[in-house]
Amino acid sequence: MNVIETNGLGKRYGQTWALNECTLAVPAGHMTALVGPNGAGKTTLMHLAVGLTEPSAGTAAVLGGERPGSLAGLDGIAFVAQDAPVYKNMSAADMLHMTRNLNRHFDQRYAEARLAELGIPLGRKAGRLSGGQQAQLALTLALARRPQLLVLDEPLASLDPLARHDFMAGVMAAIADDGVSVVLSSHALADLERVADYLILLSRGKVQVAGEVDDLLASHRLLTGPAAEAGTITEPVVHARLGGAQAHLLVRTSGTAGSVPPNWEAHPVTLEELVLAYLREPGAAALPGPVLERHSRPTEVAR
């Protein structure tokens, strides 16, 4: 089952396309990292998936074919926005009560037990909780709805390192214990590298890369060699960095790494290196060798 599936999905505000020609199939059972620069369309994609806004073009389906915003879609998806959506003047107990009344399914016992385990008093107002505790309260409200898909929009942005670690531990526990699928938007690449097993990279409102992390890393490599011979590399170049006499080329291998050219060295690619390469302008554009054509359709790994 695909938890999110889109075909030519787009959203336009005035004359500007926040998201355009987005075609995706996000399989269930993954921790999916949604990455990209500010303004790339990440929040727009999330809002379309959870039914908070209507598309200007294309189609979207969730949870194996449900319409975003439908009753089945609302029951099966929990969404946590960037700023922890808690009311500062309401106590944690009041937040549980309100969320229970607004949703058809809410596990009150689970929510109370989780807050107790985290040391968050039910009687304390949300505004008096730390940033990390507010994020945990918002996560608890989402998880207590027992969703199939948990969508998180930059939940780590304002948290300190310890709070980020604790928040992600809660998310990973939900994946392991309850089989929840997760789509997480974040700029914290170091955190994502430890937990994400599926990647969607957005830039300029379009999907650039989509696929399982292990497969994407295996289908790219970093070549280091003489700058004068950079144009002889036959593999598609995602990004090139020329420093004096030496060139560093991140290339796509179409799933099978070929032999290393003479005078060159090949190195594996990290998730951070892969993401940054696709976010940058194609730096190899001045080279005579093949430069990967991007911003037209996403790079996907053949399975």
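For every chain, the first residue of its written sequence is number 1, and the numbers climb from 1 along that sequence. Only residues with pLDDT of at least 70 are given local features in this predicted model, and only at 80 or more are side-chain atom pairs given and counted; all residues enter the totals for whole chains, interfaces and linings. Computation of side-chain values covers all heavy atoms of the structure but excludes hydrogens and water.

**Student:** Mind showing me how you'd approach the pairing of strand E3 (residues 31–35) here?
**Tutor:** The classification of residues rests on relative accessible area computed with a 1.4 Å probe and restricted to protein chains. Under 20% of the type maximum is buried, over 50% is exposed, and intermediate values are partly exposed. Strands here mean DSSP runs of E at least two residues long; helices mean DSSP runs of H or I at least four residues long; both are numbered from the N terminus. Along E3, 5 of the 5 residues are buried, which leaves the element largely enclosed by surrounding structure. Every second residue of E3 is oriented toward a common face, with Met31, Ala33 and Val35 on one face and Thr32 and Leu34 on the other, all of them buried. Should DSSP find at least two bridges between two strands, the strands are taken to pair. Of the pairings in the sheet, the one linking E3 to strand E7 (residues 181–185) comprises 4 bridges and is parallel in character. Bridging from a neighbouring strand, Thr32 pairs with Val183 of E7.

**Student:** Whenever I open this one, the environment of Leu250 confuses me. Can you help?
**Tutor:** Residue position: Leu250 is located in strand E12 (residues 246–252). The contact rule is simple, with two residues in contact once any of their heavy atoms fall within 4.5 Å. Beyond its immediate sequence surroundings of up to four residues, Leu250 is in contact with His220, Arg221, Leu222, Pro236, Val237, Val238, His239, Val269, Glu273, Leu274 and Ala277.

**Student:** Quick question: what am I supposed to make of the packing of helix H3 (residues 92–102) against helix H4 (residues 108–117) here?
**Tutor:** Each pair of packed helices gets described by two things: the angle between the helix axes and the distance between those axes. Axis definition: a line fit to C-alpha positions, over the contact stretch in the case of helices; interaxial angles, taken between N-to-C directions, run 0 to 180 degrees. Where H3 contacts H4, the axes come no closer than 11 Å and their chain directions differ by 155°. Between H3 and H4, the angle is such that the two are roughly antiparallel. For the element pair H3 and H4, the recorded crossing hand is right-handed. Contacts from Ala92, Leu96 and Arg100 of H3 reach H4 at Gln108, Ala111, Glu112 and Leu115. Put simply, angles under 35 degrees are roughly parallel, angles over 145 are roughly antiparallel, angles from 65 to 115 are roughly perpendicular, and the rest are oblique. Each crossing gets its handedness from the near helix: less than a right angle anticlockwise from the far helix is left-handed, clockwise is right-handed.

**Student:** Is there a simple way to think about the sheet that holds strand E4 (residues 57–62) in this case?
**Tutor:** Sheet strands line up and pair through hydrogen bonds in the backbone, either parallel or antiparallel. Pairing is antiparallel across the open sheet formed by 3 strands, whose spatial order is E2-E1-E4. At either margin of the open sheet sits one strand with a lone partner, and together these are strand E2 (16–27) and E4. With strand direction ignored, the average angle separating the axes of adjacent strands in the sheet is 15°. Taken together, the 8 bridges between strand E1 (residues 2–13) and E2 define a ladder with antiparallel strand orientation.

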